[in-house]
Amino acid sequence: MLEKAFWKGCNSSIEELLQFMDQRKWDQLDYDCLVNIFGKVGRGGMESLLMDVPFVCKSWHKASLDPKCWESLIFPIIFTSLYNSDVETEDWTFDPFLKRFVFEYRINKSFSITAFIKFMVNRSKGCATEIRLPVCASQEALKHVAASCPCLKNLTLPTDVVYYKSRMIPDMIGKWKDLEYLLMGSCYHDMEKIISQIGLHCKNFYYLDIPDCLVRKDAALAIAKLPNLKHIIMMNAKIERVNFVRLLKGCKKLVSLDARNCLGFDAGDKEISKLASHISDFKCQGSRFFDRHSKEGKYVWFHDSVYDGR
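Residues numbered from 1 in each chain as written. Predicted model: local features only at pLDDT ≥ 70, side-chain atom pairs only at ≥ 80, totals over all residues. Heavy atoms only, no water.

1. Considering the nonpolar core
Ranked by size, the top nonpolar core spans 87 residues in total, and within it Phe-116, Trp-176, Val-215, Ile-223 and Met-234 carry the most contacts. Top element by residues in this core is helix H3 (residues 31–43). It accounts for six residues. (Core = buried A, V, L, I, M, F, W, Y, C linked by side-chain atoms within 4.5 Å. Buried < 20%, exposed > 50% of the residue type's maximum accessible area, 1.4 Å probe, protein only. Helix = DSSP H or I, 4+ residues; strand = E, 2+ residues; numbered from the N terminus.)

Okay, here's the thing in structure tokens:
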């Protein structure tokens, strides 16, 4: 009852939680109740759960270490000087989140971002079901995530991870049998391999979010073969009309498809409208043809919808 009263009265900010607790006795919230609340705090981002909650009191510190609090690992963007490098001495010193983490936990100068990602993943002890990786995740960090998060259901990969580490992603996908949702920012390489691995290993997969991507023939066919796919977001994608038709013909269970502002087909195409008539929420406003030999057709953009918004 107390937990429900808290969540009815405020959101997941730690400041409001502390304000609420000022009006109650500390021992009114037992361990399991605290774990449930802190798990919700973690879904909004890890900063409060990592650097505010543990320092309130001993009972909060103990509860914050429970793996159930870390089922959602929502990493901040993390600014570094070497986005595409696996060097262990990344220049992270101007990132405010990491600077605060190093200060609060009294970590020495040998700190690395890869070690930080491993540290957070290890806190979940295999219970993580949702991960949003930072843009600077190294190959070593990605391998650790793949090996240590067998229960993963929701995965978000920012543009830099997709671009620089795309060859690793198919093997990673093969380890996540329970994967249901995937968001990839600006995927221009190896999409067909990634989607094919989802089709082979992820039988419950139903939500594909691939804005600002390039969908070639093989990728369109792979998407069309996903047996339980219900939702696709592909705003600002490049996909030729013939491939978009292939996708529509194969995806029989789609409930929603957001293909606004795509390049490769016309929003007023009658055949496309007919093929999409079974989709209850179909959007393609602003989509248009393009000349692949034109400046617009050759231009490749890398907008990171994960951190920069749609």
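Having seen the structure, we can now continue with the description.
2. Regarding the environment of Ile-78
With respect to the helices and strands, Ile-78 occurs in the loop between strand E1 (72–74) and helix H6 (96–104). For Ile-78, a relative accessible area of 0% gives the class buried. Along the backbone, Ile-78 and Leu-98 are 20 residues apart, and their C-alpha atoms lie at a distance of 7.5 Å.

3. Quick notes on the pattern of salt bridges
Under the defined criterion, the tally for this structure stands at eight salt bridges. Residue Lys-118 is joined to Glu-140 by a salt bridge in which the shortest nitrogen-to-oxygen separation is 2.4 Å. Of this pair, Lys-118 sits in helix H7 (residues 113–124) while Glu-140 is found in helix H8 (residues 139–148), placing the two residues 22 residues apart along the sequence. Accessibility expressed as a relative area gives 22% for Lys-118, which makes it partly exposed. Assessed through its relative accessible area of 39%, Glu-140 is described here as partly exposed. Between Asp-190 and Lys-193 there is a salt bridge, and its shortest N-O distance comes to 3.8 Å. Each of Glu-47, Asp-52, Arg-100 and Glu-104 takes part in one network of salt bridges that share partners. (Salt bridge = Lys/Arg side-chain N within 4 Å of Asp/Glu carboxyl O.)

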